[in-house]
Amino acid sequence: MENKTLKKIDLIFAGYTSTKYKVLEKTFQKTPDEIINEVLDSGLKGRGGAGFPTGLKWKFTKNQESDVKYVVCNADEGEPGTFKDREILERVPRKVFSGMAICGRAIGAKEGYLYLRGEYTYLVPSLLKEIEIFEEYSKQYNYGFKIFIRLGSGAYICGEESALFESMEGKRGEPRNKPPYPTVSGYNSKPTVINNVETFATVQVICKIGAQEYKKLGTTDSRGSKLFSVSGDTPIAGIHELELGMPLQEFVDEFGDGDTKAVQVGGASGHCVPRKQFNQTVIGFEGIPTGGSMMVFNSSRSMYNVLHDYLEFFTEESCGQCTPCRVGCQQLLKGIEAVKRGERPPSYLEDLKRLAQTMKIAAKCGLGQSVANPFNSIIDNFREEIIY
Amino acid sequence: MSKYLVNLKINNIPVSVEEGTTILDAAKQLNFKIPTLCNHPDLSIAGNCRVCVVEVKGQRLLAASCATPVSEGMEISTNSEKVRSSRKHVIELLLSEHNADCTKCYKNGNCELQELSNEYRVGDHLFLDLVRAKDKIVDISSPSIAKDDSKCIRCQRCVRTCDELQAVGALAVVHKGDHQKISTFLNKPLNEVVCTNCGQCINRCPTAALTERNYIEEVWNAINNPEIHVVVQTAPAVRVGLGEDLGLEPGHRVTGKMVAALKHLGFDSVLDTDFTADLTIMEEGTELLTRLKKALVDGEKVALPMMTSCSPGWIKFQEHIYPNLLENLSTCKSPQQMFGALAKTYYAQKKGLNPKNMISVSIMPCTAKKFECDRPEMRSSGFQDVDYVLTTRELARMIKQAGIDFEKLHDENYDSILGESTGAAVIFGATGGVMEAALRTAYEIVTGREVPFTNLNILPARGMQGVKEASVRINNVLPQWSFLEGVELNVAIAHGLANAKVLMDAVSAGTANYHFIEVMACPGGCIGGGGQPIPTSPEIRKKRADAIYSEDEHMTLRKSHENPEVQQIYKDFLHEPLGHKSHDLLHTHYKARKRY
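The model shown is predicted, which means the values in this text are computed figures rather than measured ones. (Residues numbered from 1 in each chain as written. Chains lettered and ligands numbered in written order. Predicted model: local features only at pLDDT ≥ 70, side-chain atom pairs only at ≥ 80, totals over all residues. Heavy atoms only, no water.)

Regarding the overall build of chain A
Now for step 1: Check the secondary structure of chain A and you find 16 helices and 9 strands.
Now for step 2: Against the 2.2 N^0.38 benchmark of 21 Å for 388 residues, chain A shows a C-alpha radius of gyration of 21 Å, consistent with a compact globule.
Now for step 3: By its C-alpha atoms, chain A is 70 × 45 × 35 Å across when sized along the principal axes.
Now for step 4: Within chain A, the fraction of its 388 residues that count as buried is 60%.
Now for step 5: Sequence separation of at least 24 residues holds for 72% of the intrachain contacts in chain A that already meet a minimum separation of 6.
Now for step 6: Looking at charge distribution, chain A has the averaged site of its 49 positive side-chain charges lying 3 Å from that of its 49 negative ones. (Helix = DSSP H or I, 4+ residues; strand = E, 2+ residues; numbered from the N terminus. Rg over C-alpha atoms; globule rule 2.2 N^0.38 Å. Buried < 20%, exposed > 50% of the residue type's maximum accessible area, 1.4 Å probe, protein only. Contact = heavy atoms within 4.5 Å. Lys, Arg positive; Asp, Glu negative; His and termini not counted. Charge placed at Lys NZ, Arg CZ, Asp CG, Glu CD.)

Structure (structure tokens):
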């Protein structure tokens, strides 16, 4: 393991000067392949949480033969405990649009869409203003890339990329069967790159400072830095950019209130790490990856209530399409209630863990597949709190 | 375009299949059965029930075999430990939200979920019961279809049916998560939405969430009332479907046994809708020739193309979706309703019966006919012309209840009057049949010669393409039809309302050049009707259609105008097609309906 320590970084929000879209002039002197190689070289992995190598995604999409391709920015930031994309769009939207335009140039797309979660509608006027500025530049330098905004309506599932496309197409937001993947058939069944807001902003950073400089940060598996949405029992809740690869213990030392008993890494669909594992847990793709959500719990919190809240959330936010997720979430929720009330024996938790395991491998999309993460990690580490 | 072959292994057995084949179909080629629920041969792939998951070597996730195409070198296990335990979980989960009152259920014994639950021996109540009391309130607002949400397993086959096959969209998925369900626009009852009552959703529902409204007890009561004279009519398609619900393979013709069974059940008179199918040809054929004359000779503005009106699902579709084209519909009632009107008038007179003491029952491959017989327009006899409509499935159930050994029955003949028919009438049961029957008669009326097709078989009208077109040039006409000399008669045929929509859009846009259009609401025509035995598939419907055409070939008379009872009724009662009496009893009108 590479020994990293907690290090605060300032890349995403830094250097936002009046020289607009300067990075595009520089980047567009390169060929599409050079751009993709730069992104590949940086080691950038998707900042939404799943961590697919961004450059690879772009390469796959570029290699598809199609007259029409799309760039889609996933701004449906719906993971409980995540609020960094909102901040990026509020403070540095230009970086996001730059990243999208760079992607469009790299893969041969003429249109980019920002899919904005319904709760962020208030950002639309300022984003439209920025789009206007972007289009002036676009025209001036003949980039030929246009950016549009599409609004979600508040469903968590529409952050799942294929459900997001369905929603953009005016249909009910339900995940599609995969394959085909978006790189082959995405929005309007055309090859599409879909990346998180922070990913596009980071692309702008990489193109500005260069991959060589960027990859000095982080570890082999987790290059660079990323934004963390820190919330819960912490005196300094908010958004913090940190280098990837730090031990969780250092994070807790910095952000905890001295009484931290667990950290939920990666939002409701992430993993719950108990105090005894803080030391050996690395935050990054080699350890526990996160889309940025870090929820800190101190000893006053009931982990039964935490799990119950998460399960209520998933029960409500499952699209309801596939059996393991629709019914599985309900059974996990009602199941822990039944154990708590003594209507089912504690051993029923093992049955429920087996169910969660089925959901992990048999559900249609990431929503149902990831419910096992919080479920198993909370049950395993806080079993007494669930039963008694 | 030739396709690449993909090599893979399923349960260690190598197989080569065409690129694009799903794992499910590849496994079928090796005779490995993978259970499915949301999958249906008539519908697009959903991949949502997850019963068909299989393990692909090297992949963390199980793959839904119905939705995953094969790829080179795949190694698949259809029955590994992971697969078995996941599949069992999925079945148990479905049962936990399913109102499993199987012994009392209408679909007991013909339920795909029950079958799977039996196969996997799911019986230990692993999970908690999630059925909600409010979901047990069955929507019986429609006279045709009952919707029971507590039986629904959310496979969305009904939604895809309504959307893809029928282009109606009466059923849709609403809400999400634990509140997700199949519902209608604004959750309105089925009788207040665009539902055409076609019943195709019933045919594809794996459980009893969607069933026909059944009127078996009402019919038994009528039969058992000695004061009441009960007549029964049987539609063309019933005779090639009924056997499937009574232990026979698809494609059996059971006309004689069906008649025998109906007599055993105690109906006072067993008659044939085929008779009024022949009559429909006389009326509708004349109507078409009249419209053509008005258009070609008198220069009058008449609605062309004329469209058939036998299929009540299609009629309601037009009333909702294309009210602008209602004038184009033939004013002829459907054969069922012509029969009903004549049963309580002509038949009653001939038999010396008081129609007040008659109950008229029809056996139909159709659920929309249940709605149709209830329409206020369908009371020309002074009474409700047809009192009860039973589906093919309901008749099979009555036969079982009566303890009749169907296969051992000896063939019997229809009673008279209203029991005589021709081959032209029986083919009404398959898509293109009405068109073929109409052409056989109209061509001969106009030219004095038989249609120029070998053995009267108008092959362009047959088959399962969604939209069929044909042209017949009319030459050497009889003197009174001189205005049709040299006219090229263009006809089109559609089955399944999504196909009908294609034609209607073309007609509305003025880009269609047809004189006559036949539409049947259901895929394959009435043989694929919403009241026919379950399951249905393209293969099953093909077999039923083949049986229909074989029935036609075996008839002595194969042209509607040659039906002696038809000739008789014009002599004794109706006098002439489109005459005064016909107008009163055999024709109707339509009303525009809103989409919501």
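Moving on from the coordinates now.
Side note on the environment of B:Thr196
Residue and element names in this part refer to chain B.
Now for step 1: Position of threonine 196 relative to the elements: it lies in the loop between strand 8 (181-183) and helix 5 (200-204).
Now for step 2: Relative accessible area serves as the criterion here: at 3%, threonine 196 is assigned to the buried category.
Now for step 3: Separated by 98 residues in the primary sequence, threonine 196 and lysine 294 place their C-alpha atoms 32 Å from one another.

Digging into the layout of surface pockets
Residues and elements named next belong to chain B.
Now for step 1: Roughly 880 Å³ of volume is contained in the second largest pocket.
Now for step 2: Surrounding the second largest pocket, 33 residues form its lining, Thr36, Asn39, Pro41, Glu112 and Arg157 being those nearest its centre.
Now for step 3: Mapped by element, the contributors of at least two residues to the lining of the second largest pocket are helix 1 (23-29), helix 3 (112-119), helix 5 and helix 16 (538-553).
Now for step 4: Of the residues forming the lining of the second largest pocket, the biggest block, 4 residues, is contributed by helix 3.
Now for step 5: Within the lining of the second largest pocket, the residues separate by chemical class into 14 nonpolar, 9 polar and 10 charged. (1 Å grid on protein atoms, 1.4 Å probe; cavity = no way out; pocket = protein on both sides within 12 Å on 5 of 7 lines; lining within 4 Å. Points joined across faces, edges and corners; volume = space filled by probe spheres on them. Nonpolar A, V, L, I, M, F, W, Y, C, P; charged D, E, K, R; others polar.)

A word on the side chain of A:Glu38
All names here are of chain A.
Now for step 1: Along the polypeptide, glutamate 38 turns up in helix 2 (residues 32-42).
Now for step 2: Here alanine 211 takes part through its backbone nitrogen, which lies 2.7 Å from a polar atom of the side chain of glutamate 38.
Now for step 3: The contacts of glutamate 38, once residues within four sequence positions are left out, are Lys30, Ile206, Gly210 and Ala211. (Polar contact = N/O pair within 3.5 Å; in protein donor to acceptor, adjacent residues only side chain to side chain.)

Points about the sheet that holds strand 10 (residues 229-234) of chain B
Residue and element names in this part refer to chain B.
Now for step 1: Strand order in this open sheet of 4 strands is 11-10-13-14, and the pairing throughout is parallel. The sheet is open, and its two borders are formed by strand 11 (269-272) and strand 14 (388-391), each paired with just one other strand. Along the sheet, successive strands turn relative to each other by an average axial angle of 25°, direction set aside.
Now for step 2: Taken together, the 6 bridges between strand 10 and strand 13 (residues 358-364) define a ladder with parallel strand orientation. For valine 231, the partnering residue across the bridge sits in strand 13 and is serine 360.
Now for step 3: The sheet strands contacting helix 6 (residues 216-223) are strand 10, strand 13 and strand 14, and the helix crosses strand 14 at an angle near 120°.
Now for step 4: On the sheet, helix 10 (residues 335-351) packs against strand 10, strand 11, strand 13 and strand 14 and is oriented at approximately 155° with respect to strand 13. (Pairing = 2+ DSSP bridges. Axes fitted to C-alpha atoms, helices over the stretch in contact; angles between N-to-C directions.)

Some thoughts on the interface of chain A and chain B
Now for step 1: Taken together, the contact between chain A and chain B spans 35 residues of the former and 38 residues of the latter.
Now for step 2: Summing both partners gives a buried area of about 2900 Å² for chain A against chain B, and 55% of it is carried by carbon and sulfur.
Now for step 3: By the criterion of area lost to chain B, the three top residues of chain A are A:Arg326, A:Gln331 and A:Ile361, representing 20% of everything that side buries.
Now for step 4: Run the count over chain A and chain B and you get 2 salt bridges.
Now for step 5: Linking B:Lys176 and A:Glu317 is a salt bridge whose minimum nitrogen-to-oxygen distance equals 3.3 Å.
Now for step 6: If you look at where chain A meets chain B, you find 18 residue pairs in polar contact (both at pLDDT 80 or more).
Now for step 7: Looking at the side of chain A that touches chain B, the elements that each hand over two or more residues are helix 11 (303-317), helix 12 (323-340) and helix 13 (348-362) of chain A.
Now for step 8: Top element by residues in the side of chain A that touches chain B is helix 12 of chain A. It accounts for 10 residues. (Buried area = accessible area lost by both parts, 1.4 Å probe. Salt bridge = Lys/Arg side-chain N within 4 Å of Asp/Glu carboxyl O.)

So, to be careful, I would describe these as geometric facts and stop short of saying anything about function.
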